[in-house]
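Fold and geometry: a report
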Amino acid sequence: MAENKILDLMGGDIETLNTFFSSIGEKKFRSTQVIQWIHKQGICDINDMTNLSKKLRTDLPNNTVITVPKIVRQLESTDGTIKWLLELEDKNIIETVYIPEKNRGTVCISSQAACQLNCTFCATAQQGFSRNLKTSEIIGQLWLANNVLKSKHYNERRATNVVMMGMGEPLLNINNVIPALNLMLDNNAYNLSRRRVTVSTAGIIPGIEQLGSKCNVSLAISLHASNDELRNKLVPLNKKYPIENLIEACKTYANKTNLNHITFEYIMLNEINDSSSDAYKLISVLDQVPAKVNLIPFNPVSGIEFKASTEKRIDKFQTVLNRAGITTTIRRSRGQDIAAACGQLSGDVKLRKNKR
């Protein structure tokens, strides 16, 4: 006789839980109750879910679990940024970052244990890809952040924004990412606005199309170059999905989801991609796309020889884009002293590596 499949309620969005509760003869309103307990109240002991029937509370542990993230280490930056190293059930390590700002708090969430894209400027790529994260492991990072932050020590803060910009490529794990996004948006869970949830991708075009059809959150593209020759070197995925095709996919996404803009992330590498000529080429690339550009000074990573552009070159690059009517900001590095800044996430506990 086959064993019943164990469902992790931490990762169950409304559709998943409706199917589950129907299968065990329960009404669908149980789904909303469980989601509220776990994600709104932070309760993960079924016995404490007092509006569930006594029988249901007795039966649920037979075929469900609620997996809570395990903190290996918590690091706090001098600028208030917090980084958590989290251990998964198979001993893989992932990282989650909380970035406090004056009127908001942003949680940067990982979608994979390490990454398989080999971007040449990124620490995560050096670890060797291990596996995709489960939905429970993705949404569990937001659950963890909110439950740590609600203490008086952190002034009872909560995440107001989420960016899928941590370890891994979210759109290579889209079947697990979308239910997590659904929970972020669910008013019975985290109740975040679609414009306050951003998925960042290096340019997985089929994933962009699927995301646009199922969950129209904000989109960020890790572009980093204005021509295919250079982007092939910095972001090898470009060989499969070149810039022209990627930009067309972005246009379609923006039209389908009524986004005011798509964010293009552009890491500033000294004398590599940061000239005025590069800026003018980027203007041409982004023509006809509702674009916002984030310029990201390169953050130092052990074993990577790139250097950050000088402030003068970054400022000049920004000026060229702004004068062309493209809203362009310079992202201030946060958490650099705890290796929590953009491109630095890798986990300082050795990840399990799979041969490719």
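Residues numbered from 1 in each chain as written. Predicted model: local features only at pLDDT ≥ 70, side-chain atom pairs only at ≥ 80, totals over all residues. Heavy atoms only, no water.

A word on helix H4 (residues 135-149)
Its 15 residues place the ends of H4 22 Å apart at the C-alpha level, agreeing with the 21 Å of an ideal helix rising 1.5 Å per residue. Counting buried residues in H4 gives 14 out of 15 residues, a clear majority hidden from the surface. (Helix = DSSP H or I, 4+ residues; strand = E, 2+ residues; numbered from the N terminus. Expected span 1.5 Å × (residues − 1). Buried < 20%, exposed > 50% of the residue type's maximum accessible area, 1.4 Å probe, protein only.)

Section: the packing of helix H9 (residues 276-285) against helix H10 (residues 311-323)
Here H9 crosses H10 at 30°, and the two axes come no closer than 9 Å. Judged by the angle between their axes, H9 and H10 are roughly parallel. Crossing hand, H9 versus H10: right-handed. Residue-level inspection shows Ser 276, Asp 278, Ala 279, Tyr 280, Leu 282 and Ile 283 of H9 in contact with H10, the latter providing Lys 316, Phe 317, Val 320 and Leu 321. When grouped by side-chain class, the residues that make up the contact of H9 with H10 number seven nonpolar, one polar and two charged. (Axes fitted to C-alpha atoms, helices over the stretch in contact; angles between N-to-C directions. Parallel < 35°, antiparallel > 145°, perpendicular 65-115°, else oblique. Left-handed = near helix turned anticlockwise from the far one by under 90°. Contact = heavy atoms within 4.5 Å. Nonpolar A, V, L, I, M, F, W, Y, C, P; charged D, E, K, R; others polar.)

Describing the pairing of strand E12 (residues 262-268)
E12 sits mainly inside the fold: seven of its seven residues count as buried. Residues Ile 262, Phe 264, Tyr 266 and Met 268 line one face of E12 and the alternating positions Thr 263, Glu 265 and Ile 267 line the opposite face, and both faces are buried. Relative to E12, strand E11 (residues 218-222) runs parallel, the two sharing three bridges. Among the inter-strand pairings, Ser 222 is bridged to a residue of E12, identified as Glu 265. Of the pairings in the sheet, the one linking E12 to strand E13 (residues 291-297) comprises seven bridges and is parallel in character. Along E13, the bridge assignment pairs Ile 262 with Ala 291. Traced from E12 through H9 to E13, the parallel crossover comes out right-handed. (Pairing = 2+ DSSP bridges. Right-handed = clockwise from strand over helix to strand, strands pointing away.)

Here we look at the packing of aromatic side chains
Summed over the entire model, instances satisfying the criterion amount to three aromatic pairs. Seen from their ring centres, Phe 20 and Phe 21 are 5.1 Å apart, and the 65° between their planes marks the pair as edge-to-face. Residue class for Phe 21 comes out buried when judged on its relative accessible area of 0%. Both rings, one in Phe 298 and one in Phe 306, keep their centres 6.2 Å apart while their planes meet at 80°; by these two values the pair is edge-to-face. Residue classification places Phe 298 among the buried residues on the basis of a relative accessible area of 5%. (Phe/Tyr/Trp six-rings, centres within 6.5 Å; stacked < 30°, edge-to-face > 60°.)

Some words on helix H6 (residues 205-214)
All of the buried residues in H6 are Ile 205, Gly 207, Ile 208, Leu 211 and Gly 212. Projected down its long axis, H6 carries its buried residues within an arc of 155°, all on one side. Exposed residues on H6 whose side chains face more than 90 degrees from its buried face are Ser 213 and Lys 214. Residues of H6 that are buried in the fold lie against helix H5 (174-185), strand E10 (197-201), E11 and helix H8 (243-257). (Arc of directions from axis to C-beta.)

With respect to the pairing of E13
A regular strand carries its side chains on alternate faces of the sheet. For E13, a buried count of six out of seven residues is recorded, marking the element as mostly surrounded by other parts of the structure. Strand direction decides the pairing type here: E13 and strand E14 (residues 327-330), joined by four bridges, are parallel. Following the sheet pairing, Asn 294 is matched in E14 by Thr 329. On the question of chirality, the crossover connecting E13 to the parallel E14 by way of H10 is right-handed.

Details of the side chain of Asn 63
Inspection of the secondary structure assignment puts Asn 63 in the loop between helix H3 (54-59) and strand E2 (64-65). Those residues in contact with Asn 63 that sit more than four places away from it in its chain are Lys 5, Ile 6, Leu 7, Phe 20 and Ile 24.

A closer look at the sheet that holds E13
The strand order E3-E4-E5-E6-E9-E10-E11-E12-E13-E14 describes an open sheet built from ten strands, whose pairing is mixed. In this open sheet, the two edge strands, each paired with only one partner strand, are strand E3 (70-76) and E14. Going from strand to strand, the sheet's axes swing by 20° on average, the running direction of each strand aside. Bridge count between strand E5 (residues 93-100) and strand E6 (residues 105-108): four bridges; the pairing is antiparallel. Bridging from a neighbouring strand, Tyr 98 pairs with Val 107 of E6. Against the sheet, H8 engages E11 and E12, with an angle of about 145° to E12.

Here we look at the nonpolar core
Ranked by internal contacts, the top residues of the largest apolar core, which has 105 residues, are Leu 142, Leu 181, Met 184, Leu 211, Phe 264 and Leu 286. Not counting chain neighbours up to four residues away, the residues in contact with Leu 181 comprise Met 164, Val 197, Val 199, Leu 211, Cys 215 and Val 217. (Core = buried A, V, L, I, M, F, W, Y, C linked by side-chain atoms within 4.5 Å.)

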